[in-house]
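So the chains spell out like this:
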Amino acid sequence: MTVRTRFAPSPTGYLHIGGARTALYSWLAARARGGQFVLRIEDTDRERSTQAAIDAILQAMDWLGLDYDEGPIYQTQRLDRYQAVAEQLVAAGHAYYAYETKEELEAMREAAMAAGEKPRYNGAYRDANAGWRDDPNRVIRFRNPTDGVVAWDDKVKGRIEIANSELDDLVIFRSDGYATYNFAVVVDDVDMGITDVVRGDDHVNNTPRQINIYRALGAPVPNFAHLPMILDEHGAKLSKRTGAADVMQYRDAGYLPHALLNYLARLGWSHGDQEIFSIAEMQALFDLANVNAKAARLDRAKLGWLNQQYLKTDDPEAVAKHLVWHLQQFGYALDRGPKPADLVVALRERTQTLKEMAEKSAVWFGPLTQYDETAVAKHLKEQAREPLAQARSRFAALPEWTPEDIHDVVKDVAEALGIGMGKIAQPLRVAITGSQVSPDIGWTVYLCGRDEALARIDAAIARIG
């Protein structure tokens, strides 16, 4: 049987980090076994679902590279199908019409609580054989079994058993033409041939209800894998302040999408002691059986470290495609600055994120207008005049403008003058960047371009007075 998984978010907000991990694990569970991955938008919450949220989810999936074989499929386009199946269950005796008012249902709840019982539907219409009638209170309820247990072997949590006596007859279809979540999701998964359901463990309590509906429909029950929640760094539930952020905020903060995927994959799953996985390796090695049943904790430091490993080792041209967006956010004139791929090579040893890389790139876009006066006082002294002048002369005469050739000039001038490299490299750093901190001196000068580098050296010599 072909493995088919799905990711089924409700478009009531952005795609947050927990949802992204669920999407990733569902995607990997399919890809690891040559299966198919479906994207379904569960948009039947009419009050909270928005087009903006749908767009945000689709944008995040695209940025992460979680491609789907089918979808997006929208539940609001399947309302007739849900009604047909609900009426099919009524005809088969697995469901029935009920007509309680809100006040009657509330009275049931209060009576149950007064008796020290769990508030629940008391089955008043279960055996009433009430047919369809035009009534605003009309619902269809599922006739849940009253004895026995519902059991399944969860791929993450292991064996789970729930007594049917703990479940009441849930509403599966309302008079307004909308199916309820627990019913719609089963109809969808049956129609879409979903074999493996990967979702958060907040759905564990829904699973026994859904399994009973699968059985009433005579449909195969899929495998279930309920993922533990993600906690913040202190072990508390995530909040917007502690990491429950829109996935796109991780893009904005400067993380590479595949670095974030690698981080999310390891946030509950492992393969030996390996930390860094290519997408191909994740697809080949992922197994839900190796997902930890305990909650995982966010670790910003680890994400930063992992992101830098990709900055260091990925093809600079590939990284540059992501860097360009950040450079644009800073308003740099990209047509008048260095190549983004060159910035990647120059700065990747000194930065953890693309945003940080873009911030450090400012000095090579536009004229140099600010100097660190402490650095000027320390390095632009009289003894720096000759090294700077000689370096300038040799830079102007270079047949090729490369970081390597520039570095060799600095080394040759230092040897010719009998001084250490720092006695020329540091004045050059101040001349080019206005500070004494920068990448390798060859790259620092190279990124300016020859004409701008010569102009900045001239300005530095003039500062010496």
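Presented here is a report on the structure given in the accompanying data block. Small disclaimer: the values here were computed from a predicted structure and weren't measured.

Looking now at the environment of Ala362. Mapped onto the elements, Ala362 comes out in the loop between α13 (354-360) and α14 (373-379). According to the relative accessible area criterion, Ala362 is partly exposed, its value standing at 32%. Spatially, the C-alpha atoms of Ala362 and Leu327 are 8.8 Å apart, while their sequence positions differ by 35 residues.

Here the focus is the sheet that holds strand β5 (residues 139-142). With antiparallel pairing, three strands are arranged side by side in an open sheet as β4-β5-β8. The sheet is open, and its two edges are formed by β4 (95-98) and β8 (171-174), each paired on a single side. Strand-to-strand twist in this sheet, taken as the mean axis angle between neighbours without regard to direction, amounts to 25 degrees. Across four bridges, β4 lies against β5 in antiparallel orientation. The partner of Tyr96 across the bridge, within β5, is Arg141. Strands β4, β5 and β8 of the sheet are contacted by helix α3 (residues 79-91), whose axis makes an angle of about 125 degrees with β8.

We now examine the packing of helix α17 (residues 422-433) against helix α19 (residues 450-464). Viewed as axis vectors pointing N to C, α17 and α19 meet at an angle of 110 degrees, and their least axial separation amounts to 8 Å. Between α17 and α19, the interaxial angle falls into the category roughly perpendicular. Between α17 and α19, the contacting residues are Leu428, Ala431 and Ile432 on the first element and Ala453, Arg456, Ile457 and Ala460 on the second. Each residue belonging to the contact of α17 with α19 can be placed in one class, and the counts come to six nonpolar, no polar and one charged.

Thresholds, definitions, all that
- Residues numbered from 1 in each chain as written.
- Predicted model: local features only at pLDDT ≥ 70, side-chain atom pairs only at ≥ 80, totals over all residues.
- Heavy atoms only, no water.
- Helix = DSSP H or I, 4+ residues; strand = E, 2+ residues; numbered from the N terminus.
- Buried < 20%, exposed > 50% of the residue type's maximum accessible area, 1.4 Å probe, protein only.
- Pairing = 2+ DSSP bridges.
- Axes fitted to C-alpha atoms, helices over the stretch in contact; angles between N-to-C directions.
- Contact = heavy atoms within 4.5 Å.
- Parallel < 35°, antiparallel > 145°, perpendicular 65-115°, else oblique.
- Nonpolar A, V, L, I, M, F, W, Y, C, P; charged D, E, K, R; others polar.

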